[in-house]
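One-letter residues, chain by chain:
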Amino acid sequence: PAGSSYELRPWNAADDPWNSIFHVMREEIQPVAARYPNVKFGHLNYIGDPSPETIHVIVATAQLFSGEGFAAAPSQSAEKDPIYFRIPGAPASERVDSADGTASHRFFENGLIVVTASKSPVIIKTGEGYRDHLSGELHCGETITIPPSNGEPRAFFFDTTNDCNTDG
């Protein structure tokens, strides 16, 4: 908690790394998970002011680090989100972290997950078609460009698709 409220931590605050999602996951959770590869990690996050965007960051972050994320909110109805039922499949790549630590992404057998707090666009080479799971937007180029953030972490989920094939 931050004081008496439960808020989403910053993604990677250089001035306060131990209060940063990325730092804690990379420095504390990831080494423990590596020591126990047969253990599936679940991350329960308490949030005082729930929103779909916050739940999406929680779920995406956990999945980037090979776990599952869940939100506990003041009411059960505030905890509900269809993103819990998206099945990314097995990891198809290692997690890729931006050089400045403001964004991470990882490919899975059924898609791509991105978390970014970068104030610059994040460009990810994909080589195939993807559909934004939340907006439905189709991406058929060689790259996906994630728009800049205001510095707060945001999550993006993309599903692999054959919809870019137009030969027929």
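First, a word on what this report is: a plain description of the structure on this page. (Residues numbered from 1 in each chain as written. Predicted model: local features only at pLDDT ≥ 70, side-chain atom pairs only at ≥ 80, totals over all residues. Heavy atoms only, no water.)

### Topic: the pattern of salt bridges
Inspection of every chain in the model, using the stated rule, returns 5 salt bridges. Measuring nitrogen to oxygen at the nearest pair gives 3.0 Å for the salt bridge that ties Glu27 to Arg26. Measuring nitrogen to oxygen at the nearest pair gives 2.7 Å for the salt bridge that ties Asp97 to Arg95. When its relative accessible area of 16% is taken as the criterion, Arg95 is described as buried. (Salt bridge = Lys/Arg side-chain N within 4 Å of Asp/Glu carboxyl O. Buried < 20%, exposed > 50% of the residue type's maximum accessible area, 1.4 Å probe, protein only.)

### Thoughts on the pairing of strand 5 (residues 111-116)
Every other side chain in a regular strand lies on the same face of the sheet, so the side chains alternate between the two faces. The element strand 5 is largely enclosed, with a buried count of 6 among its 6 residues. Side chains Gly111, Ile113 and Val115 of strand 5 all project onto a buried face; the interleaved residues Leu112, Val114 and Thr116 project onto the opposite face, where all are buried too. Examined bridge by bridge, strand 4 (residues 103-108) and strand 5 share 6 bridges and lie antiparallel to one another. Considered in strand 5, the bridge of Phe108 is made with Gly111. Hairpin connection, strand 4 to strand 5: the antiparallel pair is bridged by 2 residues. Both strand 5 and strand 10 (residues 154-160) contribute to a ladder of 6 bridges, which runs antiparallel. Among the inter-strand pairings, Thr116 is bridged to a residue of strand 10, identified as Arg154. (Helix = DSSP H or I, 4+ residues; strand = E, 2+ residues; numbered from the N terminus. Pairing = 2+ DSSP bridges.)

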